[in-house]
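Fold and geometry: a report
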Amino acid sequence: MPLLAIETTCDETAAAVITRGRSVLASVVASQDALHARWRGVVPEVASRAHVERIVPVIDEAMSRAGIARRDLEAVAVAVRPGLVGSLLVGLAAAKGIAAALSVPLVGYDHVAAHLYACRLARPEPIRDPCVGLVASGGHTSLFLVRSPLDLERLGGTIDDAAGEAFDKAASLLGLGYPGGPWIERAAAGGDPRAHRLPRPLAGDRDRLDFSFSGLKTALRYLVRPPGAPADTPPPTGRRLADLAASFQQAAVDSIVAKIDLALARTGCRTLLVGGGVTANALLRATLEALAHDRGVAVAIPPRELCTDNAAMGAIAWERIERGDDDGLDLDVRPGTDRRRT
Ligand code: KG4
Ligand code: ZN
(Lines give C-alpha, C1' and ligand atoms only; values in the text may rest on other atoms or scores of the structure.)
(Ligands and ions follow the chains in the order given, each with its own letter.)
Protein backbone atom coordinates (compact mmCIF):
# COMPACT_ATOMS: atom_id res chain seq x y z
CA MET A 1 0.00 0.00 0.00
CA PRO A 2 1.34 3.50 -0.74
CA LEU A 3 2.35 6.35 1.52
CA LEU A 4 1.23 9.95 1.38
CA ALA A 5 4.10 12.48 1.49
CA ILE A 6 3.50 16.12 2.38
CA GLU A 7 5.92 19.00 1.70
CA THR A 8 5.45 22.58 2.94
CA THR A 9 8.97 23.64 3.92
CA CYS A 10 9.00 26.94 2.04
CA ASP A 11 6.61 28.29 -0.59
CA GLU A 12 5.34 25.22 -2.43
CA THR A 13 2.40 23.24 -1.09
CA ALA A 14 2.94 19.69 -2.30
CA ALA A 15 1.63 16.17 -1.79
CA ALA A 16 2.53 12.87 -3.44
CA VAL A 17 1.39 9.27 -3.27
CA ILE A 18 4.27 6.81 -3.56
CA THR A 19 4.33 3.00 -3.51
CA ARG A 20 6.80 0.90 -1.51
CA GLY A 21 8.48 0.15 -4.84
CA ARG A 22 9.10 3.94 -5.11
CA SER A 23 6.62 4.45 -7.95
CA VAL A 24 5.14 7.92 -7.79
CA LEU A 25 1.39 7.44 -8.39
CA ALA A 26 0.66 11.18 -8.16
CA SER A 27 2.62 14.34 -7.36
CA VAL A 28 0.85 17.68 -6.96
CA VAL A 29 2.66 20.99 -6.42
CA ALA A 30 0.83 24.27 -5.81
CA SER A 31 3.36 27.03 -6.35
CA GLN A 32 3.08 30.31 -4.47
CA ASP A 33 5.45 32.13 -6.86
CA ALA A 34 2.74 34.57 -7.95
CA LEU A 35 2.02 35.52 -4.33
CA HIS A 36 5.65 36.33 -3.51
CA ALA A 37 6.66 37.85 -6.86
CA ARG A 38 5.91 41.44 -5.90
CA TRP A 39 8.36 41.17 -2.98
CA ARG A 40 10.92 39.24 -5.09
CA GLY A 41 11.38 36.75 -2.28
CA VAL A 42 9.37 34.53 0.03
CA VAL A 43 7.40 36.35 2.74
CA PRO A 44 7.08 33.77 5.56
CA GLU A 45 3.70 34.92 6.87
CA VAL A 46 2.20 34.98 3.37
CA ALA A 47 3.64 31.49 2.76
CA SER A 48 2.11 29.97 5.93
CA ARG A 49 -1.33 31.42 5.21
CA ALA A 50 -1.25 30.13 1.63
CA HIS A 51 -0.27 26.65 2.88
CA VAL A 52 -3.28 26.67 5.22
CA GLU A 53 -5.60 27.44 2.30
CA ARG A 54 -4.06 24.94 -0.10
CA ILE A 55 -2.95 21.94 1.91
CA VAL A 56 -6.25 20.04 1.96
CA PRO A 57 -7.11 20.56 -1.74
CA VAL A 58 -3.54 19.60 -2.71
CA ILE A 59 -3.71 16.37 -0.69
CA ASP A 60 -7.18 15.56 -2.07
CA GLU A 61 -5.95 16.17 -5.60
CA ALA A 62 -2.96 13.86 -5.11
CA MET A 63 -5.17 11.10 -3.67
CA SER A 64 -7.69 11.42 -6.47
CA ARG A 65 -5.05 11.46 -9.21
CA ALA A 66 -3.48 8.35 -7.67
CA GLY A 67 -6.89 6.68 -7.49
CA ILE A 68 -6.29 5.88 -3.82
CA ALA A 69 -8.73 6.10 -0.89
CA ARG A 70 -7.35 7.39 2.41
CA ARG A 71 -7.98 4.02 4.09
CA ASP A 72 -5.56 2.47 1.56
CA LEU A 73 -2.59 4.50 2.86
CA GLU A 74 0.10 2.56 4.71
CA ALA A 75 1.85 5.58 6.24
CA VAL A 76 2.08 9.37 6.19
CA ALA A 77 5.38 11.20 5.67
CA VAL A 78 6.11 14.90 6.09
CA ALA A 79 9.16 17.13 5.60
CA VAL A 80 9.97 18.47 9.09
CA ARG A 81 13.31 20.20 8.50
CA PRO A 82 14.82 22.55 7.49
CA GLY A 83 12.42 25.30 6.46
CA LEU A 84 10.23 28.18 7.56
CA VAL A 85 8.68 27.31 10.90
CA GLY A 86 5.17 28.53 10.06
CA SER A 87 5.18 26.68 6.75
CA LEU A 88 6.55 23.45 8.26
CA LEU A 89 3.87 23.46 10.96
CA VAL A 90 1.03 23.50 8.42
CA GLY A 91 2.33 20.34 6.72
CA LEU A 92 2.97 18.66 10.05
CA ALA A 93 -0.54 19.39 11.34
CA ALA A 94 -2.10 17.97 8.18
CA ALA A 95 0.12 14.87 8.35
CA LYS A 96 -0.69 14.28 12.01
CA GLY A 97 -4.41 14.59 11.39
CA ILE A 98 -4.40 11.99 8.63
CA ALA A 99 -2.03 9.58 10.42
CA ALA A 100 -4.08 9.80 13.62
CA ALA A 101 -7.39 9.27 11.82
CA LEU A 102 -6.05 6.20 9.98
CA SER A 103 -3.85 4.86 12.82
CA VAL A 104 -0.89 4.50 10.47
CA PRO A 105 2.80 5.35 11.07
CA LEU A 106 3.86 9.00 10.79
CA VAL A 107 7.42 9.62 9.63
CA GLY A 108 9.29 12.92 9.35
CA TYR A 109 11.99 13.44 6.77
CA ASP A 110 14.74 15.91 5.95
CA HIS A 111 13.98 18.16 2.97
CA VAL A 112 17.63 18.47 1.88
CA ALA A 113 18.28 14.71 1.99
CA ALA A 114 15.01 14.30 0.07
CA HIS A 115 16.29 16.60 -2.72
CA LEU A 116 19.15 14.13 -3.23
CA TYR A 117 16.78 11.16 -2.97
CA ALA A 118 14.99 12.50 -6.06
CA CYS A 119 18.05 11.20 -7.99
CA ARG A 120 17.09 7.65 -7.00
CA LEU A 121 13.55 7.87 -8.39
CA ALA A 122 12.79 6.78 -11.93
CA ARG A 123 16.24 5.30 -12.51
CA PRO A 124 16.79 2.01 -14.24
CA GLU A 125 19.92 1.18 -12.22
CA PRO A 126 20.31 1.65 -8.47
CA ILE A 127 22.71 4.35 -7.26
CA ARG A 128 25.97 3.00 -5.84
CA ASP A 129 26.85 4.74 -2.57
CA PRO A 130 28.93 6.51 -1.37
CA CYS A 131 28.32 9.58 -3.54
CA VAL A 132 29.07 13.27 -3.53
CA GLY A 133 25.79 15.18 -3.23
CA LEU A 134 25.15 18.83 -4.07
CA VAL A 135 21.93 20.56 -3.04
CA ALA A 136 21.58 24.04 -4.55
CA SER A 137 18.30 25.81 -3.95
CA GLY A 138 16.86 29.09 -2.77
CA GLY A 139 17.67 28.28 0.85
CA HIS A 140 20.69 25.94 0.68
CA THR A 141 23.91 25.37 -1.16
CA SER A 142 25.68 22.43 0.43
CA LEU A 143 27.97 19.57 -0.49
CA PHE A 144 27.59 16.19 1.19
CA LEU A 145 29.29 12.86 1.40
CA VAL A 146 26.28 10.56 0.93
CA ARG A 147 27.00 7.19 2.56
CA SER A 148 23.40 6.08 2.14
CA PRO A 149 20.09 7.91 1.55
CA LEU A 150 19.73 8.68 5.28
CA ASP A 151 23.40 9.12 6.14
CA LEU A 152 24.76 12.43 4.89
CA GLU A 153 27.91 14.15 6.09
CA ARG A 154 28.13 17.83 5.24
CA LEU A 155 31.43 18.63 3.54
CA GLY A 156 30.85 22.34 3.01
CA GLY A 157 28.35 24.96 2.02
CA THR A 158 27.75 28.59 1.33
CA ILE A 159 29.21 31.15 3.69
CA ASP A 160 26.71 33.82 2.61
CA ASP A 161 23.92 33.64 0.01
CA ALA A 162 22.51 30.38 -1.34
CA ALA A 163 22.98 29.84 -5.09
CA GLY A 164 19.26 30.20 -5.81
CA GLU A 165 19.13 33.35 -3.70
CA ALA A 166 21.95 34.75 -5.87
CA PHE A 167 19.90 33.99 -9.01
CA ASP A 168 16.86 35.63 -7.41
CA LYS A 169 18.80 38.77 -6.43
CA ALA A 170 20.55 38.97 -9.80
CA ALA A 171 17.20 38.78 -11.57
CA SER A 172 15.90 41.57 -9.38
CA LEU A 173 18.97 43.74 -10.21
CA LEU A 174 18.37 43.09 -13.91
CA GLY A 175 14.71 44.09 -13.63
CA LEU A 176 13.52 40.51 -14.20
CA GLY A 177 10.84 38.48 -12.40
CA TYR A 178 10.74 36.02 -9.50
CA PRO A 179 11.88 33.33 -8.95
CA GLY A 180 15.00 34.53 -10.68
CA GLY A 181 16.61 31.32 -11.97
CA PRO A 182 14.30 30.66 -14.93
CA TRP A 183 14.28 34.40 -15.83
CA ILE A 184 18.08 34.59 -15.85
CA GLU A 185 18.24 31.41 -17.90
CA ARG A 186 15.85 32.84 -20.52
CA ALA A 187 17.53 36.27 -20.56
CA ALA A 188 20.97 34.65 -20.95
CA ALA A 189 19.98 32.80 -24.13
CA GLY A 190 22.00 34.34 -26.94
CA GLY A 191 24.12 36.41 -24.54
CA ASP A 192 27.92 36.23 -24.39
CA PRO A 193 29.04 34.62 -21.09
CA ARG A 194 32.47 36.25 -21.51
CA ALA A 195 31.13 39.77 -22.10
CA HIS A 196 31.64 40.84 -18.49
CA ARG A 197 34.31 39.74 -16.02
CA LEU A 198 32.55 38.64 -12.86
CA PRO A 199 34.22 37.08 -9.80
CA ARG A 200 33.99 33.43 -8.77
CA PRO A 201 34.65 33.90 -5.04
CA LEU A 202 36.33 30.89 -3.32
CA ALA A 203 36.22 28.87 -6.56
CA GLY A 204 40.02 28.83 -6.80
CA ASP A 205 40.54 27.97 -3.11
CA ARG A 206 41.49 24.28 -3.20
CA ASP A 207 41.50 24.06 0.60
CA ARG A 208 37.80 24.72 1.12
CA LEU A 209 34.59 23.07 -0.02
CA ASP A 210 32.63 26.23 0.69
CA PHE A 211 30.78 28.56 -1.66
CA SER A 212 30.31 32.33 -1.66
CA PHE A 213 27.89 34.19 -3.89
CA SER A 214 27.46 37.61 -2.31
CA GLY A 215 30.54 39.12 -4.04
CA LEU A 216 29.23 37.96 -7.40
CA LYS A 217 25.90 39.64 -6.70
CA THR A 218 27.62 42.89 -5.64
CA ALA A 219 29.83 42.87 -8.74
CA LEU A 220 26.74 42.53 -10.90
CA ARG A 221 25.08 45.34 -9.01
CA TYR A 222 27.96 47.70 -9.83
CA LEU A 223 27.86 46.73 -13.50
CA VAL A 224 24.13 47.41 -13.64
CA ARG A 225 24.33 50.64 -11.67
CA PRO A 226 27.90 51.99 -11.25
CA PRO A 227 28.70 53.96 -8.09
CA GLY A 228 27.33 57.48 -8.47
CA ALA A 229 24.72 56.51 -11.07
CA PRO A 230 21.23 57.78 -10.25
CA ALA A 231 18.99 55.44 -8.24
CA ASP A 232 16.40 55.51 -11.02
CA THR A 233 18.84 54.16 -13.63
CA PRO A 234 16.64 51.91 -15.82
CA PRO A 235 17.49 48.18 -15.88
CA PRO A 236 19.46 46.91 -18.90
CA THR A 237 17.66 45.68 -21.99
CA GLY A 238 18.42 43.90 -25.27
CA ARG A 239 21.99 42.77 -25.93
CA ARG A 240 23.33 44.25 -22.69
CA LEU A 241 20.74 42.38 -20.61
CA ALA A 242 21.55 39.11 -22.40
CA ASP A 243 25.31 39.57 -21.88
CA LEU A 244 24.93 40.45 -18.19
CA ALA A 245 22.59 37.51 -17.54
CA ALA A 246 24.87 35.10 -19.43
CA SER A 247 27.99 36.36 -17.63
CA PHE A 248 26.29 36.02 -14.24
CA GLN A 249 24.95 32.55 -15.02
CA GLN A 250 28.39 31.37 -16.19
CA ALA A 251 30.07 32.69 -13.03
CA ALA A 252 27.49 31.02 -10.76
CA VAL A 253 27.78 27.69 -12.60
CA ASP A 254 31.61 27.84 -12.58
CA SER A 255 31.58 28.48 -8.81
CA ILE A 256 29.33 25.49 -8.15
CA VAL A 257 31.12 23.10 -10.48
CA ALA A 258 34.61 23.95 -9.13
CA LYS A 259 33.64 22.73 -5.66
CA ILE A 260 31.92 19.62 -6.94
CA ASP A 261 35.10 18.74 -8.81
CA LEU A 262 37.13 19.28 -5.64
CA ALA A 263 34.72 17.17 -3.56
CA LEU A 264 34.90 14.31 -6.06
CA ALA A 265 38.70 14.44 -5.99
CA ARG A 266 38.89 14.59 -2.20
CA THR A 267 36.40 11.83 -1.44
CA GLY A 268 37.22 9.52 -4.35
CA CYS A 269 33.47 8.96 -4.86
CA ARG A 270 32.51 7.62 -8.28
CA THR A 271 28.95 8.98 -8.30
CA LEU A 272 27.54 12.50 -8.13
CA LEU A 273 23.99 13.27 -7.01
CA VAL A 274 22.49 16.74 -7.37
CA GLY A 275 19.20 18.35 -6.42
CA GLY A 276 17.43 21.58 -5.57
CA GLY A 277 15.88 24.24 -7.78
CA VAL A 278 19.16 25.55 -9.21
CA THR A 279 19.94 22.13 -10.68
CA ALA A 280 17.02 22.71 -13.07
CA ASN A 281 19.39 25.13 -14.85
CA ALA A 282 20.29 23.86 -18.33
CA LEU A 283 23.85 25.27 -18.33
CA LEU A 284 24.57 23.71 -14.93
CA ARG A 285 23.12 20.37 -16.03
CA ALA A 286 25.19 20.32 -19.23
CA THR A 287 28.35 21.37 -17.36
CA LEU A 288 27.83 18.63 -14.75
CA GLU A 289 27.36 16.01 -17.47
CA ALA A 290 30.60 17.18 -19.11
CA LEU A 291 32.48 17.15 -15.79
CA ALA A 292 31.25 13.65 -14.98
CA HIS A 293 32.31 12.46 -18.41
CA ASP A 294 35.79 14.03 -18.02
CA ARG A 295 36.29 12.55 -14.56
CA GLY A 296 34.81 9.15 -15.43
CA VAL A 297 32.13 9.31 -12.73
CA ALA A 298 28.38 8.68 -12.92
CA VAL A 299 26.05 11.63 -12.43
CA ALA A 300 22.37 11.48 -11.47
CA ILE A 301 20.38 14.61 -12.23
CA PRO A 302 16.64 14.48 -11.49
CA PRO A 303 14.14 15.57 -14.13
CA ARG A 304 13.47 19.30 -13.78
CA GLU A 305 10.13 18.90 -12.00
CA LEU A 306 11.89 16.87 -9.30
CA CYS A 307 14.66 19.49 -8.87
CA THR A 308 12.38 22.23 -7.54
CA ASP A 309 10.36 21.56 -4.38
CA ASN A 310 7.94 18.64 -4.62
CA ALA A 311 6.61 15.84 -2.42
CA ALA A 312 7.60 12.92 -4.70
CA MET A 313 11.08 13.14 -3.17
CA GLY A 314 9.31 12.32 0.13
CA ALA A 315 9.80 8.73 -1.13
CA ILE A 316 12.86 8.93 1.12
CA ALA A 317 10.47 8.26 4.01
CA TRP A 318 10.19 4.64 2.84
CA GLU A 319 13.85 4.21 3.89
CA ARG A 320 12.80 5.02 7.46
CA ILE A 321 9.55 3.02 7.40
CA GLU A 322 11.41 -0.02 6.08
CA ARG A 323 13.71 0.04 9.07
CA GLY A 324 10.69 0.20 11.38
CA ASP A 325 10.69 3.90 12.29
CA ASP A 326 7.48 5.59 13.40
CA ASP A 327 7.79 9.10 14.89
CA GLY A 328 4.22 9.06 16.16
CA LEU A 329 2.18 12.10 17.08
CA ASP A 330 5.04 13.65 19.11
CA LEU A 331 6.81 14.51 15.85
CA ASP A 332 7.87 18.15 15.77
CA VAL A 333 9.45 20.49 13.22
CA ARG A 334 13.14 21.50 13.26
CA PRO A 335 13.40 24.71 11.21
CA GLY A 336 17.22 24.99 11.51
CA THR A 337 19.76 23.21 9.36
CA ASP A 338 21.93 21.77 12.16
CA ARG A 339 22.04 18.19 11.08
CA ARG A 340 24.62 15.65 10.02
CA ARG A 341 22.52 12.53 9.92
CA THR A 342 18.93 12.15 8.88
O1 KG4 B 1 14.48 23.79 -4.40
P2 KG4 B 1 13.65 25.01 -4.60
O3 KG4 B 1 12.40 24.88 -5.43
O4 KG4 B 1 13.20 25.64 -3.23
C5 KG4 B 1 14.04 25.75 -2.10
O6 KG4 B 1 14.14 24.76 -1.34
O7 KG4 B 1 14.63 26.84 -1.99
O8 KG4 B 1 14.63 26.12 -5.23
C9 KG4 B 1 14.17 27.38 -5.62
C10 KG4 B 1 15.36 28.18 -6.18
C11 KG4 B 1 15.04 29.63 -6.50
O12 KG4 B 1 16.02 30.45 -5.90
C13 KG4 B 1 15.11 29.69 -8.02
O14 KG4 B 1 15.55 30.93 -8.53
C15 KG4 B 1 16.09 28.59 -8.33
O16 KG4 B 1 15.83 27.56 -7.38
N17 KG4 B 1 15.90 28.07 -9.68
C18 KG4 B 1 16.81 28.16 -10.66
C19 KG4 B 1 16.21 27.63 -11.83
N20 KG4 B 1 14.95 27.21 -11.50
C21 KG4 B 1 14.77 27.48 -10.17
N22 KG4 B 1 18.06 28.67 -10.66
C23 KG4 B 1 18.74 28.64 -11.82
N24 KG4 B 1 18.23 28.17 -12.99
C25 KG4 B 1 16.97 27.65 -13.03
N26 KG4 B 1 16.47 27.19 -14.17
ZN1 ZN C 1 14.06 22.71 -1.66
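Scroll up a little and you will see the structure.
Quick notes on the rules
Residues numbered from 1 in each chain as written. Chains lettered and ligands numbered in written order. Predicted model: local features only at pLDDT ≥ 70, side-chain atom pairs only at ≥ 80, totals over all residues. Heavy atoms only, no water. Helix = DSSP H or I, 4+ residues; strand = E, 2+ residues; numbered from the N terminus. Rg over C-alpha atoms; globule rule 2.2 N^0.38 Å. Buried < 20%, exposed > 50% of the residue type's maximum accessible area, 1.4 Å probe, protein only. Contact = heavy atoms within 4.5 Å. Areas by Shrake-Rupley, 256 points an atom, 1.4 Å probe, with all protein chains shown as cover. Donors = N, O, S within 2.8 Å, 3.2 Å for Na, K, Ca; no water. Tetrahedral: all angles 85-135°; square planar, octahedral: opposite > 155°, others 65-115°. 1 Å grid on protein atoms, 1.4 Å probe; cavity = no way out; pocket = protein on both sides within 12 Å on 5 of 7 lines; lining within 4 Å. Points joined across faces, edges and corners; volume = space filled by probe spheres on them. Nonpolar A, V, L, I, M, F, W, Y, C, P; charged D, E, K, R; others polar. Pairing = 2+ DSSP bridges. Right-handed = clockwise from strand over helix to strand, strands pointing away. Axes fitted to C-alpha atoms, helices over the stretch in contact; angles between N-to-C directions. Parallel < 35°, antiparallel > 145°, perpendicular 65-115°, else oblique. Left-handed = near helix turned anticlockwise from the far one by under 90°. Polar contact = N/O pair within 3.5 Å; in protein donor to acceptor, adjacent residues only side chain to side chain.

Across its full length, the protein carries 10 helices and 10 strands. Against the globule reference of 20 Å for 342 residues, the protein gives a C-alpha radius of gyration of 20 Å, in line with a compact fold. In terms of overall dimensions, the protein has C-alpha extents of about 65 × 45 × 30 Å along its principal axes. When burial is assessed residue by residue, the protein has 54% of its 342 residues classed as buried. A separation of at least 24 residues holds for 73% of the contacts in the protein among residues at least 6 apart in sequence. In the form shown here, the protein has an accessible surface area of approximately 14200 Å², with 52% of it arising from carbon and sulfur atoms.

Attention shifts here to the coordination of the zinc ion (ligand 2). Within the protein, the zinc ion (ligand 2) binds to His111 (NE2), His115 (NE2) and Asp309 (OD); these donor distances fall in the range 2.1 to 2.2 Å. Viewed at the metal, the four donor atoms of the zinc ion (ligand 2) are separated by angles of 92 to 150 degrees, and the geometry they form is irregular. Coordination of the zinc ion (ligand 2) draws on donor residues from a single chain, spaced H-x3-H-x193-D in sequence. Taken as a pair, His115 in helix α4 (residues 111-117) and Asp309 in the loop between β10 (298-300) and α10 (317-321) lie far apart in primary sequence, 194 residues in all. Classification of His115 by relative accessible area gives buried; the value is 0%.

What follows concerns empty space enclosed by the protein. A full pass over the atoms with the stated rule returns one cavity of 30 Å³ or more. The volume enclosed by the largest cavity comes to roughly 30 Å³. Ala113, Leu116, Tyr117, Arg120, Val146, Pro149, Leu152 and Leu273 together form the lining of the largest cavity. Of the residues forming the lining of the largest cavity, the biggest block, three residues, is contributed by α4. Residues belonging to the lining of the largest cavity are distributed by class as follows: seven nonpolar, no polar and one charged.

Burial of strand β5 (residues 106-110) is extensive: five of the five residues sit out of reach of the surface. The alternating pattern of β5 places Leu106, Gly108 and Asp110 on one face and Val107 and Tyr109 on the opposite face, and all of these are buried. Here five bridges tie strand β4 (residues 75-81) to β5, and the two strands are oriented parallel to one another. What sits directly across from Ala79, in β5, is Tyr109. The β-α-β motif built from β4, the intervening helix α3 (residues 85-102) and the parallel element β5 has right-handed crossover chirality.

Below, the discussion takes up the packing of helix α2 (residues 44-66) against α3. Running from N to C, α2 and α3 cross one another at 30 degrees; their axes reach a closest spacing of 8 Å. Looking at the two axes, α2 sits roughly parallel to α3. Two packed elements cross with a definite hand, and for α2 against α3 that hand is right-handed. In contact with Ala47, Ser48, His51, Val52, Ile55 and Ile59 of α2, α3 contributes Gly86, Ser87, Val90, Ala94 and Ile98. Taken together, the residues of the contact of α2 with α3 break down into seven nonpolar, four polar and no charged.

Next up on the list: the side chain of Asn281. Among the secondary structure elements, Asn281 is positioned in the loop between β9 (271-275) and α9 (282-295). Residue classification places Asn281 among the buried residues on the basis of a relative accessible area of 5%. There is a polar contact of 2.9 Å between the side chain of Asn281 and the side chain of Gln249.

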